[in-house]
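Coordinates in review
The chain contents come next:
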Amino acid sequence: MTGAANDFVRERIDGLPPEHKPFWEACARQELTAQRCDDCGRFRYPPAAQCPNCLSENSTWQRLSGQGQVYSWSVIHHEFTPAYPPPYNVAIIELDEGIRMPSNIIGCDNADIRAGMPVEVSFDEVSDGTFLPRFRPA
Amino acid sequence: MSNNISGKYCIIGTGATSWGKHPGRSTESLNIEAIRKAISDANIDKGDIDAVLCKMPTTSPGLGYSLAIAQRLGLTPKVTGVLDQEGATMVGLVEYAIMCMELGQCEVAVISYADYPRTGPNKLAPAPSEVTPFGWLGAPSSYAMIARRHMSEFGTTHEQLGAIAVAFRKHGAMNPNAQLQKAITLDDYLARPWIAEPLRADDCCVVSDGGGAIIVTSTERARSMGVEKPVKVLGLGQGHPSWDVSYRETLTTSGAAVAGRQAFGMAGLTTADIDVAQLYDCFSIVPLITFEDYGFCAKGEGGAFCEGGRIEVGGELPTNTSGGLLSETGSPGIQLIIEAVSQLRGNGGERQVANAKTALVSNQGGIMQTHATMILSTEGPF
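A brief report on the enclosed structure follows. (Residues numbered from 1 in each chain as written. Chains lettered and ligands numbered in written order. Predicted model: local features only at pLDDT ≥ 70, side-chain atom pairs only at ≥ 80, totals over all residues.)

Observations regarding the overall build of chain B
For chain B, the count of helices and strands is 12 helices and 11 strands. In terms of overall size, chain B behaves like a compact globule, its C-alpha atoms giving a radius of gyration of 19 Å where 382 residues would be expected to give roughly 21 Å. Seen through its C-alpha atoms, chain B measures out along the principal axes to roughly 55 × 45 × 40 Å. Looking at the 382 residues of chain B, the share that counts as buried comes to 61%. Here the contacts in chain B between residues at least 6 apart in sequence split such that 78% fall between residues at least 24 apart. (Helix = DSSP H or I, 4+ residues; strand = E, 2+ residues; numbered from the N terminus. Rg over C-alpha atoms; globule rule 2.2 N^0.38 Å. Buried ≥ 20, exposed ≤ 12 C-beta atoms within 10 Å, placed from the backbone. Contact = placed C-beta atoms within 7 Å.)

Here it is in structure tokens:
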């Protein structure tokens, strides 16, 4: 990615609400994590102060398996930002822990992406210390 | 309880600006032009209006919008306010107006919306989202996720999405007020570039400046005012999946499932009673799923339902007869109510559906996160 692209990703991550910070700090360690409710045991994403299941304030960040499958995806042909020249893909990954995350599929032709395709996390360093959790065919 | 008021309230007037470009106009002036036309269409005095309800312009959200509209109308309303259900708001405001009338707070409501996303300044700042670092930007990308999931679960095809675009563009070509008046063939559709696969340019709504307004009152009051053909509100419903596209339980069922059951239940009608439909079509996949959720066909069969001219004027269920968001205007929903009223009054011109007595309207918004349903008819109680 170019310098402008790095800035784009960094600025988008820095602009997220404070609850997101531990997720991206873990990504910098190349660890995929999510909050797990200490009271009802549910994983949750996106990050939030309370559990949407039981509204408990108590949670612990836990490392995830990084294994999942493609839930849906789109190959984008419109240039929304110079940071992402088309065509590129965006995807929803359904993780084995039962939560979904937005991402990109790498290591695979866009034409070969399918719903239900098994994937595993792969960290891409897009600028110094900034890692995006992307997914490649498992 | 809710069945008691089916038909008790009605729409007596509609008005709209032209759709397309309005450089240099304020959103307030577009609202007032549409309201002035609706007052004239209803043949009432401006002073009869005692409720002013608006949806905030998407490009310039701010507090107190309906107050500014009341001032420019020279009115001091008993009831006013805005509602945010994204694209479901216009039907939501009909519900709010009727509730206030049931409470005895007002008798004649004007409901309006106007915006200038094509030529005006866009002050809408998108909320920060965890999807954007991955380059997931823009509504087409999100609706593409829904369309792709529907294709993966049910085998829905590109040609079936294309049938929807072809139908609504055909209707737009029959509407002298449509922003896009150019019919396309399925081959034209398939040759168009992708925006976000599986959505092509013709799967996405147009972007339009302009505004529309409707006037709602009780059927009894309409009769006393000598309204010739009040269009009665027989059914109303709402249901909101709410969650962001990545996280909700299913991407292939919309709020139409809940909202439709409420509206058809209140009206005491079934899908077989609908003569003409005006369904929110910000993207082609939306009416396809809406047909399924209202029960016109089984879940997964929406693609096949839309093929073979069934949803075109002259077909079994003419839909979006003015061209919808894909052709007439990308305005979020008021035009669908206006066209339903026009069809039921027999004012559809070249695109008039013969003997149209009962119409179905859907409004929906966000990324298929909100939904409202309204059934209108010239028949029924009251």
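As for helix α5 (residues 158–173) of chain B
Each α-helix winds once per 3.6 residues, and so residues spaced three or four apart point in a common direction. For α5(B), spanning 16 residues, the distance from its first C-alpha to its last is 22 Å, which sits close to the expected 22 Å at 1.5 Å a residue. Of all 16 residues making up α5(B), 13 are buried, and the element is well covered by its neighbours. (Expected span 1.5 Å × (residues − 1).)

Looking at the environment of Thr76(B)
One can find Thr76(B) in the loop between α2 (65–73) and β3 (79–82). Taking C-alpha positions, Thr76(B) is 29 Å from Asn363(B), a pair spaced 287 residues apart along the chain.

Describing the sheet that holds strand β3 (residues 59–63) of chain A
All names here are of chain A. If you trace the three strands from one edge of the open sheet to the other, you get β2-β1-β3, paired in antiparallel fashion. For this open sheet the edge positions go to β2 (43–44) and β3, each flanked by a neighbour on one side alone. Looking at chain direction, strand β1 (residues 33–37) and β2 are connected through two bridges and run antiparallel. Bridge pairing in β2 links Arg36 to Phe43. (Pairing = 2+ DSSP bridges.)

Some thoughts on the environment of Glu33(B)
Residue and element names in this part refer to chain B. Looking at the secondary structure, you find Glu33 in helix α1 (residues 27–42). Taking the C-alpha atoms as reference, Glu33 lies 9.5 Å from Gly210; in sequence the two are 177 residues apart. Sequence-distant contacts of Glu33, defined by excluding residues within four places in its chain, comprise Thr17 and Gly211.

Side note on the interface of chain B and chain A
Accessible area lost upon the coming together of the parts is a frequently used measure of interface size. Contacts between chain B and chain A engage 24 residues on the former and 28 residues on the latter. Mapped by element, the contributors of at least two residues to the side of chain B that touches chain A are α4 (139–154) and β5 (194–196) of chain B. Here the side of chain B that touches chain A gets six residues from one element, more than from any other, and that element is α4(B). Of the residues in the side of chain B that touches chain A, the class split is 14 nonpolar, six polar and four charged. (Nonpolar A, V, L, I, M, F, W, Y, C, P; charged D, E, K, R; others polar.)

Here's the deal with the sheet that holds strand β9 (residues 276–278) of chain B
Residues and elements named next belong to chain B. Taken in spatial order, the nine strands line up as β3-β2-β4-β7-β1-β8-β11-β10-β9 in an open sheet, and their pairing is mixed. The open sheet has two edge strands with one neighbour each: β3 and β9. Neighbour to neighbour, the strand axes of the sheet diverge by 25° on average, direction disregarded. Direction of pairing for strand β8 (residues 231–238) relative to strand β11 (residues 370–377): antiparallel, over a ladder of six bridges. From the neighbouring strand, Lys232 faces β11, where its bridge partner is Ser377. Across the face of the sheet, helix α12 (residues 334–344) comes into contact with β1 (9–16), β4 (108–115), β7 (210–218), β8, β9, β10 (358–365) and β11 while running at roughly 175° to β10. (Axes fitted to C-alpha atoms, helices over the stretch in contact; angles between N-to-C directions.)

Brief notes about the nonpolar core
If you look at the biggest cluster of nonpolar residues, it comprises 149 residues, and the most contacted ones within it are Ile111(B), Met374(B) and Leu376(B). In this structure Leu376(B) touches Ile11(B), Val231(B), Lys232(B), Val233(B), Leu234(B), Ala340(B), Val341(B), Leu344(B), Ala359(B) and Val361(B), once residues within four positions along its chain are discounted. (Core = buried A, V, L, I, M, F, W, Y, C linked by C-beta atoms within 7 Å.)

Looking at unusual backbone geometry
A negative phi angle characterises most non-glycine residues, just as the trans form characterises most peptide bonds. A cis amide bond links Tyr45(A) to the next residue, Pro46(A), at an omega of 5°. The residue after Pro86(A), namely Pro87(A), is reached through a cis peptide bond having omega -5°. Summarising the element assignment, Pro87(A) is placed in the loop between β4 (67–76) and β5 (88–95). A positive phi angle is found at Ser242(B), which is not glycine, with a value near 65°. With respect to the helices, strands and loops of the structure, Ser242(B) is situated in the loop between β8 and α8 (256–267).

Remarks on the environment of Ile285(B)
Residues and elements named next belong to chain B. Residue placement: Ile285 occurs in helix α9 (residues 285–294). Distance in space between the C-alpha atoms of Ile285 and Gly349 is 28 Å, their sequence separation being 64 residues. Once residues within four sequence positions are removed from consideration, Ile285 is found in contact with Tyr143, Ile146, Ala147, His150 and Leu161.

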